[in-house]
Amino acid sequence: VQLVESGGGLAQPGGSLRLSCAASGFIFSSYTMSWYRQAPGKERELVAAIANSGSTNYGDSVKGRFTISRDNAENTVYLQMNNLQPEDTAVYFCKARRTDFLRDINYWGQGTQVTVSS
């Protein structure tokens, strides 16, 4: 199983970045895909999630600015981040999750750094 994030980097306040997470080794379309982030000294927090049905939910701090989407044909989940602010600076992680009667399966990527600074 692999989750490989890309697209991080340096952005100016008010700018945009698009993160990608390429998945392999599992049935991507069956999993809820999420983006989390962790800033220095803070706990990891949910940024956005998209279920295999396509329904989405967002953390309060990013609503209206970030958009999560998925391409099941390409086994990829995206996070479009607009109007970035310095408080969005963090390492962003991709997660795949699937639960059934017996198991709660979670896979994590290695993360990609996003820095918002002028």
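Provided above is the structure to which this section pertains.
Residues numbered from 1 in each chain as written. Predicted model: local features only at pLDDT ≥ 70, side-chain atom pairs only at ≥ 80, totals over all residues. Heavy atoms only, no water.

Visitor: I'm lost on the state of the cysteines in this one. Help?
Guide: Each disulfide is one covalent bond, formed between the sulfur atoms of two cysteines. In the structure shown here, the tally under the stated rule is 1 disulfide. Across a sulfur-sulfur distance of 2.1 Å, cysteine 21 and cysteine 94 are joined as a disulfide pair. On the sign convention where negative is left-handed, the bridge of cysteine 21 and cysteine 94, at about -80 degrees about the S-S bond, is left-handed. Of this pair, cysteine 21 sits in strand β3 (residues 17-24) while cysteine 94 sits in strand β9 (residues 90-99), and the two are 73 residues apart along the sequence. In this structure, cysteine 21 and cysteine 94 share a single accessibility class: buried. (Disulfide = S-S within 2.5 Å. Helix = DSSP H or I, 4+ residues; strand = E, 2+ residues; numbered from the N terminus. Buried < 20%, exposed > 50% of the residue type's maximum accessible area, 1.4 Å probe, protein only.)

Visitor: Whenever I open this one, the packing of aromatic side chains confuses me. Can you help?
Guide: Within a pair of aromatic rings, the relevant descriptors are the distance that separates the centres and the angle that separates the planes. Counting across every chain of the model gives 5 aromatic pairs. Here the aromatic rings of phenylalanine 26 and tyrosine 107 are separated by 5.3 Å at their centres, their planes lie at 45 degrees, and the arrangement is tilted. Remark: tyrosine 107 occurs in strand β10 (residues 104-108) and phenylalanine 26 occurs in the loop between β3 and β4 (32-38); sequence separation between them is 81 residues. Judged by relative accessible area, tyrosine 107 falls into the partly exposed class, the value being 24%. An aromatic cluster is defined as three or more aromatic residues linked by ring pairs; in this entry it consists of Phe26, Tyr31 and Tyr107. Across the ring face of tyrosine 78, the terminal group of arginine 18 is positioned such that the distance to the ring centre comes to 4.0 Å. Stacked on the ring of tryptophan 108, the Lys or Arg arginine 44 has its end atom at 4.6 Å from the ring centre. (Phe/Tyr/Trp six-rings, centres within 6.5 Å; stacked < 30°, edge-to-face > 60°. Lys NZ or Arg CZ within 6 Å of the ring centre and 35° of its normal.)

Honestly, that's just the spatial picture; any functional story needs more than this.
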